[in-house]
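Residues per chain are reported as follows:
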Amino acid sequence: MAQPETTRVFLNNVDSYASRHIAQRLDRDELLSKLMGCDVVIYNVTQHADQVEEALWAASALHSEVEHFSGPKMFILISTIMTWACSKPADPDDLELPFTDAIFWSRRAHPNFERHIDLEKRVVKMGKTDRQLFSTYVVAAGLQYGMGEQIFHYFFKKSWLGEDGPVFGDGENIVPTIHIHDLASVVCSVIQHQPRPYYLLAVDDSNNTMEEIVKKIASVLGPGKIQKKPSEDAFLTKDLSVMEADSLLVSLRMEAAYIKKLFSFNWVCQFGLVENIEVVVQEYRQSRGLLPVRLCVLGPPAVGKTTVSKKICEYYRLHHVTVKGTVSDTIARLEHAVRNPDPGEGQSTQEAQEQLSMMKERLEQNPGLEEELLLNVMRDELMTHPCKNQGYVLEDFPQTREQAKELFDGKEEDATSQNSLTSIIPEFVLCLKATEAFLLDRVLNLPESRVQEHNCEPENFSRRLAAYNEKQSEDDVVLNYFYEHDIIPLQFEISSNAEADCLPLMQKVIDMVGQPRNYGPSSQEVKEEERRKAGERLRREAQERAEVEQMEADEARARAARWAEWTKKLEQVRQQEEEELEATSRPMRGYLMEQVVPTLSQGLTACCRAQPQDPVDFLAEYLLKNNPFEVDHEQLS
């Protein structure tokens, strides 16, 4: 039995969104020789305008080599419905009559897609030379979606991040679309059946407006709100290329008549993105790895659950869910709904008022809500879009197996509720442990503000710790629920300050959970973070300089003070010495002034008058003669 021949296929731009899902890979070295070796060559020009020139070259090069073909070849151009953007309706009186591929010859391109329509015409013409050897097809595809998104990714990301869905213009423009897998099926059908029509429209049966598409994405993936913007803003959006902005503003009602008539394949989304939004959203999350991280942190009071939960939320960019915070947020939301009724919220003002009154009444009667109401509030929080998109860290709840069963499983008779609740069950559980002695010591050393914030007054803490220990001694502990669902808790012993334990604990959490499953910071956020760090570094350096300058100034003042004190003491010593010297010399000075100086002064005066040859001898002789205290020796004898 003869082996079936292998069909060789070439696909351009294979690493792009559309082509990646039509084929896996193709070596593009020595392009022409590779093209010549392929039975089917596919060029996709729906995403990158720079591929138009290469596609024209490839088709022309193959067409010129027809006589050297070893067998029939097929060239398929995947083009865009933008070559129909300015087409006039076939019946001006019936504007809802769709364009079909049967009238492709009357199409008119958008001004920015003139090169595309020229390429389409050339490709069609080349296929008419020798259709037995070289057949050409043009598949004009609608805006593609599914498997992570390309042109619609901007709207999916906005909603996933919890922002309003932007609608450019009035949103009434009808946008032809097709799921990327359905486009692949069309291409495969062309290869397999080689239909007689050589121009095919590849669009689904949706005919949705742009507003319908954005609103549906926002309702399933985001907050459910849209924001209308001027059409010009589409071209100012950095996440959209000019080609994409033009495509999003197109308005065409189209029908793929030939595809329905000639081909039979299983559509993935025959009726469009809006009708199949749940499937498309799931593909988006899976393809881009945007899977939520759901984690529950349990443990005794004052073990550091809040500190650890915040660290995990910061690293994984998750939402921190606590009983106290959720109850407060719920009351605030209900109060806002009562004051500012919004028909689009899905909850009437009367319902919000009744729920608000009931919650406030229960809180007044009891510091905490009764269990059924609390479970409803917590369940609603875990089913919000932020928790379902990014994930959450649920702190210190549930506290019993029965609570966990009610919270995550719902009522057994409610099958719909059970299906929806499977998306909120934690994937990971972190159980913190510590000795009672450590917990008591930690509470005693907490700042007063934190004691009041966490209700850790000695009597309250002792009561809470006793209640926790009592629950742990029962067979029906909360961890049993997770064991039953094959969720193995990570247990970590806290033996020192929670901040000090965070590093090894975070490493264990990362080993358990893996890397973050989100977009991570945007380029703008990265720049903001870099600016923030640079600002912190400058502030830190300025503070250090100020501290050094202050220290130097303090030292200078201290030196000046010491010098002034030393100078003062030195002056005091000098003055004291002078006074002592004065006191010591006063008797001698008096004696000289009274007994010696008068006679000496007279002798000096006499010496000056006489000006003797030897003044010293003269003065000595004068003093001997005129000494008033000299005794007359002659008289004594």
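Residues numbered from 1 in each chain as written. Predicted model: local features only at pLDDT ≥ 70, side-chain atom pairs only at ≥ 80, totals over all residues. Heavy atoms only, no water.

Undergrad: Give a description of the nonpolar core that names residues and reports values.
TA: Soluble globular proteins tend to bury their nonpolar side chains together. Within the largest apolar cluster, 86 residues are counted, with the highest numbers of intra-cluster contacts made by Phe-75 and Phe-152. Val-327, Leu-369, Val-377 and Ile-425 belong to the second largest nonpolar core, which has 33 residues in total. (Core = buried A, V, L, I, M, F, W, Y, C linked by side-chain atoms within 4.5 Å. Buried < 20%, exposed > 50% of the residue type's maximum accessible area, 1.4 Å probe, protein only.)

Undergrad: Summarise the side chain of Lys-305; cite the residues concerned and give the values.
TA: Note that Lys-305 resides in helix H13 (residues 305–316). Within the buried core, Lys-305 has no salt-bridge partner, and the shortest N-O distance to an opposite charge, that of Asp-396, equals 4.2 Å. Beyond its immediate stretch of four places on either side in the chain, Lys-305 contacts Val-297, Leu-298, Gly-299, Pro-300, Glu-395, Asp-396 and Leu-432. (Helix = DSSP H or I, 4+ residues; strand = E, 2+ residues; numbered from the N terminus. Lys, Arg positive; Asp, Glu negative; His and termini not counted. Salt bridge = Lys/Arg side-chain N within 4 Å of Asp/Glu carboxyl O. Contact = heavy atoms within 4.5 Å.)

Undergrad: Lay out the packing of aromatic side chains in plain terms, naming residues and giving numbers.
TA: Going through the model one piece at a time under the given rule, you end up with 17 aromatic pairs. Measuring from ring centre to ring centre gives 4.8 Å for Tyr-315 and Tyr-316, while their planes differ by 80 degrees; the resulting arrangement is edge-to-face. Here Trp-563 and Trp-566 contribute two aromatic rings whose centre-to-centre distance is 5.4 Å and whose plane-to-plane angle is 35 degrees, an arrangement assigned as tilted. Residue Trp-563 and its partner Trp-566 are located together in helix H25 (residues 523–610), separated by three residues, close to a single helical turn. Relative accessible area serves as the criterion here: at 58%, Trp-563 is assigned to the exposed category. Ring pairs connect the aromatic residues Trp-84, Phe-99, Phe-104, Tyr-198 and Tyr-199, which therefore count as one cluster. A cation over an aromatic ring shows up here: Lys-73 above the ring of Phe-69, its NZ or CZ 5.2 Å from the ring centre. Across from the ring centre of Tyr-519, 4.7 Å away, lies the NZ or CZ of Lys-157, which sits over that ring. (Phe/Tyr/Trp six-rings, centres within 6.5 Å; stacked < 30°, edge-to-face > 60°. Lys NZ or Arg CZ within 6 Å of the ring centre and 35° of its normal.)

Undergrad: How would you summarise the packing of helix H7 (residues 210–221) against helix H12 (residues 277–288) if you had to cite specific residues and measurements?
TA: Where H7 contacts H12, the two axes come as close as 10 Å, and the packing angle between them is 65 degrees. In terms of axis orientation, H7 runs roughly perpendicular to H12. Helix-helix and strand crossings are classified by hand; for H7 and H12 the assignment is right-handed. On the side of H7, the interface is formed by Lys-216, Ile-217, Val-220 and Leu-221, while H12 contributes Ile-277, Glu-278, Val-281, Tyr-284 and Arg-285. Of the residues contributing to the contact of H7 with H12, the split by class is six nonpolar, no polar and three charged. (Axes fitted to C-alpha atoms, helices over the stretch in contact; angles between N-to-C directions. Parallel < 35°, antiparallel > 145°, perpendicular 65-115°, else oblique. Left-handed = near helix turned anticlockwise from the far one by under 90°. Nonpolar A, V, L, I, M, F, W, Y, C, P; charged D, E, K, R; others polar.)

Undergrad: Describe helix H22 (residues 458–473), and please don't skip the residues or the numbers.
TA: The terminal C-alpha atoms of H22 lie 23 Å apart, and with 16 residues this matches the ideal 22 Å at 1.5 Å per residue to within 8%. Those residues of H22 that fall on the buried side of the exposure criterion are Asn-460, Phe-461, Leu-465 and Tyr-468. Projection of H22 onto a plane perpendicular to its axis shows the buried side chains occupying an angular sector of 125 degrees, all on one side. Projecting away from the buried face of H22 at angles above 90 degrees are the exposed residues Glu-459, Glu-470 and Ser-473. Contact partners of the buried residues in H22: helix H20 (436–444). (Expected span 1.5 Å × (residues − 1). Arc of directions from axis to C-beta.)

Undergrad: Quick rundown of the sheet that holds strand S14 (residues 391–395)? Include the residues and the values.
TA: Paired through their backbone hydrogen bonds, the strands of a sheet run either parallel or antiparallel. Read from one edge to the other, the open sheet built from five strands follows the order S13-S14-S12-S15-S16, with strand pairing classed as parallel. Two strands lie at the open edges of the sheet, namely strand S13 (319–321) and strand S16 (490–493), each paired on one side alone. The sheet shows a mean angle of 20 degrees between the axes of neighbouring strands, direction not considered. As paired elements, strand S15 (residues 428–433) and S16 share four bridges and run parallel to each other. Its bridge partner lying in S16, Cys-431 is registered against Gln-491. (Pairing = 2+ DSSP bridges.)

Undergrad: Now, about the environment of Val-338: what can you tell me, with residues and values included?
TA: Within the secondary structure layout, Val-338 lies in helix H14 (residues 323–339). Counting along the chain gives 12 residues from Val-338 to Gln-350, while the straight-line C-alpha distance between them is 7.8 Å. If we ignore the near neighbours within four places in the chain, the residues touching Val-338 are Thr-349, Ala-352, Gln-353 and Leu-356.

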